[in-house]
Amino acid sequence: METIRKSIEIRATADQVFTYLANPENDPEWVPSLMEVRNISGSGSEMRYDWTYKMVGFKLDGETRTVEHVPSERLVVTTHGGVDSKWTYQLTPTAEGTRFDLSVEYEIPLPVLGKLAEKLVARANEREVEVAIQNAKDQCEARAKDRSAAAGGAEPTHATSP
């Protein structure tokens with residue numbers, strides 16, 4: 001099992017970041033190779049949905065299930081099918097907004113291609129997670145700024161709403 005861990009500071013409240021990340025309809029905006037999310041059902045820790053993901057040129061289909069849902073703090077989802085993985089989102093309020101810690105544990109689905117292919121896929125996946133966490137930051141900050149402008153206020157600089 002491979003593990004990738006990345007962290008980033010987001011200038012938005014933990015509630016804003018969680019709301020964005022917990023909505024699977026947003027996933028294709030921030031997860032670079034996620035082509036489609038469909039068949040969303042349930043809510044909170046009962047949410048499930050299907051997806052299509054492209055990993056180093058291969059289209060993979062699978063299902064995601066939310067296994068832990070603690071609003072504004074923590075979200076854990078597991079994927080099964082084309083890729084078996086566990087994504088853990090941990091949000092921590094900071095003076096400037098929210099720290100987003102992302103951990104992705106996964107099994108490389110290409111055992112027949114050998115160790116060289118596994119290393120190439122692992123490197124590609126590392127880059128995917130780097131891009132994904134930056135995309136999440138950009139999307140959350142843009143939405144927080146839009147909400148603030150619509151409300152006539154200043155951009156949020158702390159993790160809790162007044």
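Residues numbered from 1 in each chain as written. Predicted model: local features only at pLDDT ≥ 70, side-chain atom pairs only at ≥ 80, totals over all residues. Heavy atoms only, no water.

Draft legend 1. A look at the overall build of the chain. Along the chain, the regular secondary structure elements total three helices and seven strands. With 162 residues in all, the chain has 44% of them scored as buried. Here the analysis covers contacts within the chain between residues at least 6 apart in sequence; of these, 50% occur between residues at least 24 apart. When the accessible surface of the chain is split by element, carbon and sulfur atoms take 50% of a total near 8500 Å². (Helix = DSSP H or I, 4+ residues; strand = E, 2+ residues; numbered from the N terminus. Buried < 20%, exposed > 50% of the residue type's maximum accessible area, 1.4 Å probe, protein only. Contact = heavy atoms within 4.5 Å. Areas by Shrake-Rupley, 256 points an atom, 1.4 Å probe, with all protein chains shown as cover.)

Draft legend 2. Region of the structure containing empty space enclosed by the protein. Counted by the stated rule, this structure contains one cavity of 30 Å³ or more. The computed volume of the largest cavity comes to approximately 340 Å³. Surrounding the largest cavity, 22 residues form its lining, V31, Y53, T79, S85 and W87 being those nearest its centre. At the level of secondary structure, the elements contributing two or more residues to the lining of the largest cavity comprise α2 (27-30), β3 (48-55), β5 (74-81), β6 (85-94), β7 (97-106) and α3 (114-151). (1 Å grid on protein atoms, 1.4 Å probe; cavity = no way out; pocket = protein on both sides within 12 Å on 5 of 7 lines; lining within 4 Å. Points joined across faces, edges and corners; volume = space filled by probe spheres on them.)

Draft legend 3. Highlighting the environment of T94. Looking at the secondary structure, you find T94 in strand β6. With relative accessibility at 24%, the residue T94 sits in the partly exposed group.

Draft legend 4. Structural view of unusual backbone geometry. Positive phi values are uncommon outside glycine, yet N39 reaches one of about 55°. Counting through the fold element by element, N39 comes out in strand β2 (residues 34-41). Positive phi is not limited to glycine here, since S72 has a value of about 65°. Its location among the elements puts S72 in the loop between β4 (58-70) and β5.

Draft legend 5. Highlighting the pattern of salt bridges. A complete count under the given rule lists twelve salt bridges for this structure. One salt bridge in this structure joins E63 and R48, with 3.3 Å as the shortest N-O distance. Of this pair, E63 sits in strand β4 while R48 sits in strand β3; the two residues are 15 residues apart in sequence, bridging distant segments of the chain. With a relative accessible area of 32%, R48 lands in the partly exposed category. One salt bridge in this structure joins E68 and R74, with 3.0 Å as the shortest N-O distance. In the salt-bridge network here, residues are joined through shared partners; they are K6, E126, R127 and E130. (Salt bridge = Lys/Arg side-chain N within 4 Å of Asp/Glu carboxyl O.)

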